[in-house]
Amino acid sequence: MTRHARNCTAGAVYTYNEKKRDAAESGYGTNAQRLGKDSVKSFDCCSLTLQPCRNPVITKQGYLFDKEAILQYIVTKKNEYNRKLKEFERLRRVEEEEITQEANCKQQARMERFVNSEKPTTTPAHKSSPVEQPILPAPSTSAAAIAASENGSISNMANGNQKKLPAFWLPSECPNAGAAKAKKPDATIYCPVSSQPLKVKDLIDVKFTPIKDGDTKKSLIAKEVRYMCPITHDALSNAVPCAVLRPTGDVVTLECVDKLIRKDMVHPLTDRKLKEKDIIPLQRGGTGYATTNDKLSAKEQRPMLQV
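Residues numbered from 1 in each chain as written. Predicted model: local features only at pLDDT ≥ 70, side-chain atom pairs only at ≥ 80, totals over all residues. Heavy atoms only, no water.

A. Local environment of unusual backbone geometry. Positive phi values are uncommon outside glycine, yet Leu-50 reaches one of about 60 degrees. Secondary-structure assignment places Leu-50 in the loop between strand S1 (31-34) and strand S2 (56-58). (Helix = DSSP H or I, 4+ residues; strand = E, 2+ residues; numbered from the N terminus.)

B. Molecular detail of the pattern of salt bridges. Inspection of the entire model under this criterion finds 13 salt bridges. In this structure, the salt-bridge partner of Lys-60 is Asp-202, at a minimum N-O distance of 3.9 Å. One end of the pair, Lys-60, is in the loop between S2 and strand S3 (64-66); the other, Asp-202, is in the loop between helix H3 (143-151) and strand S4 (204-205), with 142 residues separating them in the sequence. Across the pair Asp-278 and Arg-246 runs a salt bridge whose closest N-O atoms are separated by 3.6 Å. (Salt bridge = Lys/Arg side-chain N within 4 Å of Asp/Glu carboxyl O.)

C. Representation of empty space enclosed by the protein. Summed over the entire model, instances satisfying the criterion amount to 1 cavity of 30 Å³ or more. The computed volume of the largest cavity comes to approximately 50 Å³. If you trace the largest cavity, you find it lined by Thr-59, Lys-60, Gln-61, Cys-191, Gln-196, Pro-197, Leu-198, Lys-199, Asp-202 and Leu-203. Considering only residue class, the lining of the largest cavity consists of 4 nonpolar, 3 polar and 3 charged. (1 Å grid on protein atoms, 1.4 Å probe; cavity = no way out; pocket = protein on both sides within 12 Å on 5 of 7 lines; lining within 4 Å. Points joined across faces, edges and corners; volume = space filled by probe spheres on them. Nonpolar A, V, L, I, M, F, W, Y, C, P; charged D, E, K, R; others polar.)

D. Structural context of the pairing of strand S7 (residues 242-245). Neither face of S7 is exposed, since Cys-242 and Val-244 on one face and Ala-243 and Leu-245 on the opposite face are all buried. Inspection of the sheet shows S7 paired to strand S8 (residues 251-253) by 3 bridges, in the antiparallel sense. Paired with Val-244 across the two strands is Val-251, which belongs to S8. Where S7 hands over to S8, the hairpin turn is made up of 5 residues, of which Gly-249 adopts a positive phi near 80 degrees. With 3 bridges connecting them, S7 and strand S9 (residues 279-281) associate as antiparallel partners. Residue Ala-243 lies in a different strand from S9, and its bridge partner there is Pro-281. (Buried < 20%, exposed > 50% of the residue type's maximum accessible area, 1.4 Å probe, protein only. Pairing = 2+ DSSP bridges.)

E. Quick look at the side chain of Asp-66. Residue position: Asp-66 is located in strand S3. Despite its burial, Asp-66 pairs with no opposite charge; the closest candidate is Arg-54, at 4.3 Å N-O. Among the polar contacts listed, one links the side chain of Asp-66 to the backbone nitrogen of Asn-55, at a separation of 3.4 Å. Discounting residues that sit within four places of it in the chain, Asp-66 has contacts with Cys-46, Cys-53, Arg-54, Asn-55 and Val-57. (Lys, Arg positive; Asp, Glu negative; His and termini not counted. Polar contact = N/O pair within 3.5 Å; in protein donor to acceptor, adjacent residues only side chain to side chain. Contact = heavy atoms within 4.5 Å.)

F. Structural context of helix H4 (residues 254-264). What H4 keeps buried is the set Cys-256, Val-257 and Ile-261. Looking straight down H4, one finds its buried side chains confined to an arc of 90 degrees; they lie on one side. Close packing links the buried residues of H4 with S7, S8 and S9. Positive phi shows up at Met-265, right after H4, with a value of about 55 degrees. (Arc of directions from axis to C-beta.)

The quantities given are spatial measurements derived from coordinates; they are silent on function.
Rendered as structure tokens:
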């Protein structure tokens, strides 16, 4: 009787586990793996630094950032815009100078044609018979011919030309490459995650409620479950859909929003009237469960063995 195990080799069927094992050892084929909890950002971590937020803020689309990180991002983008704007102004001045120079050249050419047309034509008293002159070859003006005439060599690497050869693989050295066109940069700053316009005044301060577990020895960051809903006292995690209330910045569960807040549209802690835009769903990083978020599988492309 054969063994009933994953590594049983006495069977006539090439099992799935044997196929996966041989594929991992051979180095061929595509590896697919489900992303686990350690591979996904936690719901209370910054989308830029991927670390727990010290001063959390949220955008209108529901993406969480650390205030210091997102402000530094905005300042960096503004400095980049100023640099691009200076380059745009420089290129525009160059284009204006080229247009002015071309117009002056055309005006000068028109003046020369006009002056030449106004000159009186004089005819000679008698025409002398033309003397046939021998036709000489036109002198070559190529760089190779000049170098050959000076040094007696026809190589294009002579006379220090090896340092002047263009890098043919650069786009700027292509035959059809012209001068860079001035293009005005976009002054709008976009969110690094949602690619939507981002402004400092649109950032909303977020207030997490620490969980009350009575453990004072561990720091808040060292705890696996750190925050809770201030209304229902449910623990918050990646598996729990959350929302932010805009007026106060409190983070509550979507279950609390659907069952309690949406009935009267009143803030349970401050008795303040709420609107639909005041409830911002918090975008989570996802977990290892398929029902939480999408696109949680990773694939590694490897060479395929053709038989």
